[in-house]
Each structure stands twice: as structure tokens, then as C-alpha cells.
Amino acid sequence: MATGDLALGQEQGEINARQRVVNDFSINVATVNGSGSQSANSVLLKSIFGMGVPVSGKNLFPSNIAGLPTWYTIRASKEGYVARTRNTEILVALNPETAREDILSLPAGAAAIYEENMNLKQYRDDVVCYPVPFDKITASVCAEAKLRKLVRNMVYVGVVAYLISLDLAVVEKSVKKQFAKKQKVFDLNYGAVQAGFNYAQEKLVKQDPFVIEKMDQTAGKIIIDGNAAAGMGAVFAGVTVVAWYPITPSTSLIEATADLLKKFRVTPEGKATFAVIQAEDELAAIGMVLGAGWAGARSMTSTSGPGISLMAEFAGLGYFAELPGVIFDVQRTGPSTGMPTRTSQADLLSTAVLSHGDTKHIILLPASVKECFEMGCEAFNIAERMQTPVFVLSDLDLGMNNWMSEPFDYPTKPLDRGKVLSAEDLKKLGSFARYKDVDGDAIGYRTLPGTDHPKAAYFTRGSGHNAAAGYTEKPDEYLEVMDRLSRKFENARKIVPAPVVVKDGTSKIGFLAYGSTDFALRESMDQIKKEYRQDVDYLRIRAYPFAHEIHDFVASHERVYVVEQNRDAQLASLLKLDLPAEQVVKLRSILHYNGLPIDARSITEEFATKEGL
């Protein structure tokens, strides 16, 4: 048998051939940080996508220096599932430091592709092993030694392409997209792909059952990460001031926003009509955002949990002085530094009441890259309409990983600037009181600096103030302002994105979740139906304050499981503060907080245990 050392015999190969696994498996590429594998992994992902097969990619990488282990998992799913799975069916092992552990983690019947000198066959006799002389192949196609580390990655793309039956023309197209601007770079990399493909074709005998066959489930769809989508939404919303401080995993959101601003917010003369400012820290960044919002600019910042903690004082100023601004929080694990490159949903509770005193913030909760775009856009309308900071909470999994999506819809509604008085308005009115509730909606009128009218100016106060923005310490005037702010927040229930009814039938049991948990929960519901013949309803929450439909959903079910990615049941805790006392007892929690994206099987198993199934 060519290249020998294949773990299973011909008989097993024949069995696998009869029991083919088509378009339903995961590939895990184990390399080291800084090895340049990102481009190769992107080519592999987009090649499967190009075959019409639904696909998703998740990058697990270290938070510090180059040379440490990193894993990239590509999931192909004919059913369209995109959540993380526990098992990997195909391993590409290129990191000697983790190779033994990587192959031991595979389920029986899986396949392992690795540098031949690793001799991984010694560890498993129930895994198909494909030893490949990657270094020799790379040297044969790349004369420059310093480039071989990068080109080597494209060799494994070719090997995998052959073994899972990818159309080489589709792979070539993906390589061209990756290196579209540099013909020589394309030639070198595609040459490496061909070399890997040819070696596998000539020397390897396929004995695993995993194959890709063409489908038509990706036509018209796009692949994008949540941070890029959110940045695009902000640009469509008309953002002109961006203040930020670098922090994983939110930096790429600002980079995407800045790139688009440089492309679309420059005059024909070359003058920028925007400002992107790297502040000295996150506290300064949100201060700039609120100052720009007061001045009439649409402004934003992007951060993660540690930055949110630093922003607390200014967040309270924005709430009390009623200043618009948008804060994107791409959540990661904590407390403290935590694990900066691992995901979580653990900022919800702290963000909802960020700052001292009685403070409540509006939070939008996107669950897909499409919603990152839509809510990244709508957050600015809500911030100006409600005259308050608005937080958009995604997470590392949604923000930094690749997701398949329907194309985004071009916004057609005009920008909602809220209750802004013009000079013409002031001529008619004669004057105005900044914090007076004129219309009964708890929102005052404001003017923008530069409005040409002597009554346009007003004080913005973070200290005690009355309806006219005058300083006060009178108890009744303070109560009036605080009660109005409470009514304004209550009214936001009707303004924020409504929850999505995923399934609401006749089941006595319901699920509540938000954000990226949605992908795993939908898959889990299918597992529960198939394995336990149990129907479960599901309502996906999209914003805080909670819409009244959430109250109705809880009231109509006997038990409601709240699924979230944190230790302390933060969504459930907020719901308990919001629901009538008699409904609180219905809530149960299913929690996941190890830093990896939640998977469907974990939800299914915990639900089955709690239900005694």
C-alpha cells in the first residue's frame, strides 16, 4: 500500500467507502501562532463554501507570543449548522508540541494528516493515518527557505483537497481571491496546493469516509466576521468620530470601520470628513465619544470587558447628562485579564447597570453577522432618539470568526437624529428647557453647537440638575429627573429590537437565549426532537430593556431554560429583576463558561439531565 503506515486495512477502507460521510464533518488544523496558516485555512474554508456546502470557521489562538499552539476548525454541515462541535473528524497536525494530544482527542474512525516524521500512528490504531513529507514537498516548490514556513501551509490545503474530493478548480479560484493582487504570490501558493494534491493523488490511498460533494446551499451568500459587519453597519449609520484603545478581540472592528471611512468619507480633494483617534485608554475613548455626541457627531468606540470596566464613570455621565454615543463590546472571558482570546457572554449584567448610582443602559444583542451589521447601524438611531449611550454586545466567537450569511440589506430609512431643535424651531418657541419632558415621552429636546440662535446654548450637567439644566440639590427636582430617566428607559422597551420567535407551539417548556448561543441552541432543539421526541419552544432575546413579549413567553410556559455563556446566569438574573415574582420560579439555567464557544451537545445533555429524560 503506497506510503504505507495507513492505520486501517483495505477491508476497513471498503467499509468506509460504503458508509460515506458526505458534507457533515469538521476539520481541525493544528499549527503554531505566527506560522502564516490563516491564509491557507481561509482558502480551505472558502473552497468548501465554493462547493455549495454550508460552512463555518473557528480560530482558537493564544493571547501572547508567536510560536504557541493555535487551532482552526472548519465545520461543513449539509444541514447548515454552524455552532462548534466537540468532535473533529479530520486532523491536520503540523505542530509537534501538540500532535500527540491532538490525535488522542480524535474519535475512533477519524483521520489524521501529519508530517511523516511525527509517527503519530504509534498512538492510535483506530484512526486513519496519512503521513505526508510536507517539508520535502515544500522544498521542491519553494526555493527561498525563508518563505517555506508560509508555503508549507498551502501544501496541506492540496492534500486535504484531494482526500475530501474538493474540485481543484474551486480551490484555485479561492487561492486567486486570497492573493488577487499579486500574481507571483498566487503562482507560488497555488503551486504548493498542486504539489500537495498531486502527492496525495499518487501516494495516498483514501480509507476514511469523509467527502465533500457539490451542493447549492451557498449561492448568493457571503462569508464575513462579526467585527467587520458591525464596522460596516456603523459606517452606513453615518459615524464620523471613532475613539478607541486597542484590545482583543475588538480591535479588528475599529480597523474595519477605519478602512471603510478612508474609502467613503473623503472629499474629492482628499480631505477626510471623519476622525479616528486612538486615545490613551478606554476611559478617554468613551469621554471623546460622549463629547462628540454632545457636539452633534455620530460617534462610537469599541472595546471588551476590561475596557467596559474602565468606562464606568463616563457611562454614568452619558446616562445622566443624556448624551448619545455607541459602545461596541466584543466580549471575552474574565475577570481581570482572564483569557483574552476566549469567548464568553459575561459582560451583560455589569453593562446593564454600568456606573455608580441608579443607572440603566440600553443594550443590543446581535446573534449573527447580519445582525451585527443591522444593530451596528440601528444603535446610532436609538442613541440619538433616546439621548443616551447604547451598548452593542457581541462576543469573540461572533466577532472574530468567519460566518456564512445572507447578504446585508441596504438601509433605506433616513437617519433618526431624535429631538433636535433648529434655529427656526427656536424662533418659534423663543426658548427651551433641555431636560423638560414636553411631550410625555420622557425625552427632552436638545440643540447642537453652532445653531444660530441666542437661546440655542445649554449646560450639560453630570451633577444634580433640574429641567432647565440648572444646578440643583433640591430633593424634589432630583427626583423629577431620576423618575423621568426611569420612564425613558421603560419606554425603550418599545424602541429596541423585538425578540424573535424561533418556535412557539404547544410545548410546556421554553428556551430563552441571546447572541451567538442561538446557533448551538437551534441545533440542540433538533437533537432533542430527534433523540427524545420532545418539542421545546424558543424565544431569542435581542435587546435590554426586555420587551413585554418576553414576559408573555415566560407566562405561557411551565418551565423556561435560560441558556447563556457565563458562570453566574447573568441573563437569568436580569430577567428575575424584570419579571413578576410569580414567574421567576419558572426559570432554569443552562450555563457554559469554559472559554470555548457553546456546542449543541452540551445543551442537549444538560437539558435531558434536568428534565430526567
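See above for the structure.
Keep in mind it's a predicted model, so treat the numbers as computed, not measured.

We now examine the environment of Ala321. Here Ala321 lies in helix 12 (residues 312–321). Ala321 sits 127 residues away from Leu448 along the chain, and the two C-alpha atoms are 15 Å apart. Excluding anything up to four places from it in sequence, Ala321 contacts Arg434, Tyr435, Thr460 and Arg461.

Turning our eyes to something else, we now look at the side chain of Thr447. The topology assignment puts Thr447 in the loop between helix 16 (423–429) and helix 17 (475–491). There is a polar contact of 2.3 Å between the side chain of Thr447 and the backbone oxygen of Ala456. With sequence-adjacent residues up to four places away left out, Thr447 is seen in contact with Leu421, Leu426, Phe432, Ala456 and Tyr458.

Taken together, the seven strands give an open sheet; going across it, the order is 11-10-12-13-15-14-20, and neighbouring strands pair in mixed fashion. Of all strands in the sheet, those with a lone pairing partner are strand 11 (275–278) and strand 20 (543–544), marking the two edges. Relative to strand 15 (residues 389–395), strand 14 (residues 362–364) runs parallel, the two sharing three bridges. Note that in strand 15 the partner of Ile363 across the bridge is Phe391.

Attention now goes to empty space enclosed by the protein. By the definition in use, this model includes four cavities of 30 Å³ or more. Taken as a whole, the largest cavity spans an internal volume of roughly 60 Å³. Lining the largest cavity are Tyr319, Lys360, His361, Ile362, Met386, Thr388, Leu485, Lys488 and Phe489. With three residues, helix 17 is the largest single contributor of residues to the lining of the largest cavity. Residue classes in the lining of the largest cavity are distributed as five nonpolar, two polar and two charged.

Here the focus is the pattern of salt bridges. The final tally for this structure, using the stated rule, is 39 salt bridges. With its nearest N and O atoms 3.1 Å apart, the salt bridge here joins Arg84 to Asp599. Of the two residues, Arg84 is situated in the loop between strand 4 (69–77) and strand 5 (90–93) and Asp599 in the loop between strand 22 (587–591) and helix 22 (600–611); the sequence distance between them amounts to 515 residues. With its nearest N and O atoms 2.8 Å apart, the salt bridge here joins Glu531 to Arg601. A residue pair is termed long-range when its members are at least 10 positions apart, and Glu531 in helix 18 (residues 517–532) and Arg601 in helix 22 qualify at 70 residues. Residues participating in the shared-partner salt-bridge network are Glu371, Asp518, Arg522, Arg540 and Arg542.

Each value, and the rule that gives it
- Residues numbered from 1 in each chain as written.
- Predicted model: local features only at pLDDT ≥ 70, side-chain atom pairs only at ≥ 80, totals over all residues.
- Heavy atoms only, no water.
- Helix = DSSP H or I, 4+ residues; strand = E, 2+ residues; numbered from the N terminus.
- Contact = heavy atoms within 4.5 Å.
- Polar contact = N/O pair within 3.5 Å; in protein donor to acceptor, adjacent residues only side chain to side chain.
- Pairing = 2+ DSSP bridges.
- 1 Å grid on protein atoms, 1.4 Å probe; cavity = no way out; pocket = protein on both sides within 12 Å on 5 of 7 lines; lining within 4 Å.
- Points joined across faces, edges and corners; volume = space filled by probe spheres on them.
- Nonpolar A, V, L, I, M, F, W, Y, C, P; charged D, E, K, R; others polar.
- Salt bridge = Lys/Arg side-chain N within 4 Å of Asp/Glu carboxyl O.

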